[in-house]
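Residue-level listing of the chains:
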Amino acid sequence: MKFLIFGAQGQVGSAVASEARAKGHEVTALPRAELDITDEKAVREAVERYAPTHIINAAAYNQVDQAEDDSEKAFSVNALGPGHIALAAKRNDCILVHYSTDYVFDGETSTAYTEEDRPNPLSAYARSKYLGELAAAINPKSYIIRTAWVFSRGGTSFVSRLLNLARSGKPLKFVNDQWCTPTYADDIAASTFAVIEQNAPFGLYHAAGADVLTPYEWATAILSRSGQKADITAVSSREFRTKALRPRRSVITNPRLKTLNIEIPGGLARLEECLKGSEEG
Ligand SMILES: NC(=O)c1ccc[n+]([C@@H]2O[C@H](COP(=O)([O-])OP(=O)(O)OC[C@H]3O[C@@H](n4cnc5c(N)ncnc54)[C@H](OP(=O)(O)O)[C@@H]3O)[C@@H](O)[C@H]2O)c1
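About the cut-offs
Residues numbered from 1 in each chain as written. Predicted model: local features only at pLDDT ≥ 70, side-chain atom pairs only at ≥ 80, totals over all residues. Heavy atoms only, no water. Near = heavy atom within 4 Å. Polar contact = N/O pair within 3.5 Å; in protein donor to acceptor, adjacent residues only side chain to side chain. Areas by Shrake-Rupley, 256 points an atom, 1.4 Å probe, with all protein chains shown as cover. Helix = DSSP H or I, 4+ residues; strand = E, 2+ residues; numbered from the N terminus. Nonpolar A, V, L, I, M, F, W, Y, C, P; charged D, E, K, R; others polar. Buried < 20%, exposed > 50% of the residue type's maximum accessible area, 1.4 Å probe, protein only. Pairing = 2+ DSSP bridges. Phe/Tyr/Trp six-rings, centres within 6.5 Å; stacked < 30°, edge-to-face > 60°. Axes fitted to C-alpha atoms, helices over the stretch in contact; angles between N-to-C directions. Contact = heavy atoms within 4.5 Å. Salt bridge = Lys/Arg side-chain N within 4 Å of Asp/Glu carboxyl O. Parallel < 35°, antiparallel > 145°, perpendicular 65-115°, else oblique. Left-handed = near helix turned anticlockwise from the far one by under 90°.

(A) A look at the site of the ligand. Around the ligand, 23 residues are found, and the nearest of them are Val12, Asp36, Asn62, Lys129 and Val150. Residue Gly10 places a main-chain N or O atom 3.2 Å away from an oxygen atom belonging to the ligand. Within the side chain of Asp36, a nitrogen or oxygen atom sits 2.9 Å from a nitrogen atom of the ligand. Protein contacts shield 80% of the accessible area of the ligand, which totals 900 Å² for the unbound molecule. Counting only elements with at least two residues in the shell around the ligand, the list comes to helix H1 (11-22), strand S4 (95-101) and helix H5 (124-136). A per-element tally of the shell around the ligand places S4 first, with three residues. Class assignment of the residues belonging to the shell around the ligand gives a composition of twelve nonpolar, eight polar and three charged.

Okay, structure coming up:
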């Protein structure tokens, strides 16, 4: 297989690129500096030039709060960009993998969301990502993979940023009345390849870790497993106002992956490997 990866320096983009190389595939991994997915001509020319069998779009504008003030940029990267990629993929008969988010849901439920549930995005970021899903589906051979709370060994990951903040000694506050499913980037990459290798039906898949935690519980777990002391307090989402509204309980499960016998471990089980990699890196 011949892979063209957009957003290749991000958490998921770099995990997919490593996995593709480890499997012996031909890989062209383009970071933003080399290819901006909002540039329709550049996307079209790259797809024609590299002639991939598979395109991975791991590029995204992920700054949830900033997107409220910069919705033009969020929509451009998260909705128009995937549209350019999907059109180029369709024209060149490529398989496209595009990633989306649990934030397409409003979180107003006590049960976990499946692929059958109807999105109701609450923020500019979430709306832009939902539109991106629709745009990616322009290509009939698209896998749209929703994931959540991605963490990785990389320096931009929540794990490294949290440990750096803890080392600085600043007091930390984390919300303890919202729930999420931390997902290890390497597991997203592995499930992406499992879907591709099984020639699974095209369409929408959820791919999230199995543990359900609040941000406070997640941050506390990272700190305790890394042996890092911190001044950390649990707060309510009422006390900790953010610019963008976040879903209260954006818990997604992966029934379509399960039908393919693809399981994603819980975030807690993957923390050790992540922390080991972060220290080594
Ligand atoms: N991170 C999460 O917690 C989370 C949660 C749910 C879903 N997701 C989804 O999972 C996917 C991968 O996310 P991630 O965590 O790997 O994000 P990430 O680490 O922030 O990586 C995103 C990459 O996209 C690049 N990028 C931004 N604008 C671009 C543009 N116009 N053209 C090309 N590249 C551009 C960024 O480059 P620069 O760094 O140079 O800007 C960055 O390398 C995304 O679809 C995201 O929405 C992520």
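(B) Focus on the pairing of strand S3 (residues 54-57). Here S3 shows no split at all, with His54 and Ile56 on one side and Ile55 and Asn57 on the other all buried. As defined by bridge partners, S3 adjoins S4 across four bridges and the pair is classed as parallel. Bridge assignment links Asn57 to a residue of S4, and that residue is His98.

(C) Quick peek at the side chain of Thr214. Here Thr214 lies in the loop between strand S9 (203-206) and helix H8 (215-226). Residue Thr214 is classed as buried on the basis of its relative accessible area of 1%. Separated by 2.6 Å, the side chains of Thr214 and Asn176 make a polar contact.

(D) View of the packing of aromatic side chains. According to the stated counting rule, one finds nine aromatic pairs in the structure shown. Look at Tyr143 and Phe202: their rings are 4.8 Å apart centre to centre, the planes differ by 45°, and that puts the pair in the tilted class. Linking Tyr143 in strand S5 (residues 142-147) with Phe202 in the loop between helix H7 (185-197) and S9, this pair joins segments that are 59 residues apart in sequence. When its relative accessible area of 2% is taken as the criterion, Tyr143 is described as buried.

(E) Quick look at the sheet that holds strand S1 (residues 2-6). Taking strand neighbours across the sheet as the criterion, the six strands line up as S2-S1-S3-S4-S5-S9 in an open arrangement whose pairing is parallel. Of all the strands in the sheet, just strand S2 (26-30) and S9 have a single pairing partner and so form its edges. Between one strand and the next, the sheet's axes are offset by a mean angle of 20°, whatever the strand orientation. Here four bridges tie S1 to S3, and the two strands are oriented parallel to one another. The residue of S3 that forms the bridge with Ile5 is Ile56. Running at roughly 160° to S1, helix H2 (residues 40-50) makes contact with S1, S2 and S3 of the sheet.

(F) Broad picture of the pattern of salt bridges. Per the stated rule, a full pass over the model turns up twelve salt bridges. A salt bridge links Lys23 to Glu197, with the nearest nitrogen and oxygen atoms 3.0 Å apart. With Lys23 in the loop between H1 and S2 and Glu197 in helix H7, the pair connects residues that are 174 residues apart, well separated along the chain. For Lys23, a relative accessible area of 37% corresponds to the partly exposed category. By relative accessible area, which is 40% here, Glu197 ends up partly exposed.

(G) Structural detail: the packing of H1 against H7. Direction vectors running N to C along H1 and H7 enclose 55°, while the axes themselves pass 8 Å from each other. As summarised for this structure, H1 and H7 are arranged oblique, according to the angle between their axes. As H1 runs across H7, the sense of the crossing is right-handed. In this structure, H1 uses Gln11, Val12, Ala15, Val16, Glu19 and Ala20 to contact H7, whose residues at the interface are Ala185, Asp186, Ile188, Ala189, Ala190 and Phe193.

(H) Highlighting the environment of Lys41. Within the secondary structure, Lys41 sits in helix H2. Judged by relative accessible area, which is 48%, Lys41 ranks as partly exposed. Remark: the alpha-carbon pair of Lys41 and Ala88, spanning 47 residues in sequence, is separated by 9.7 Å.

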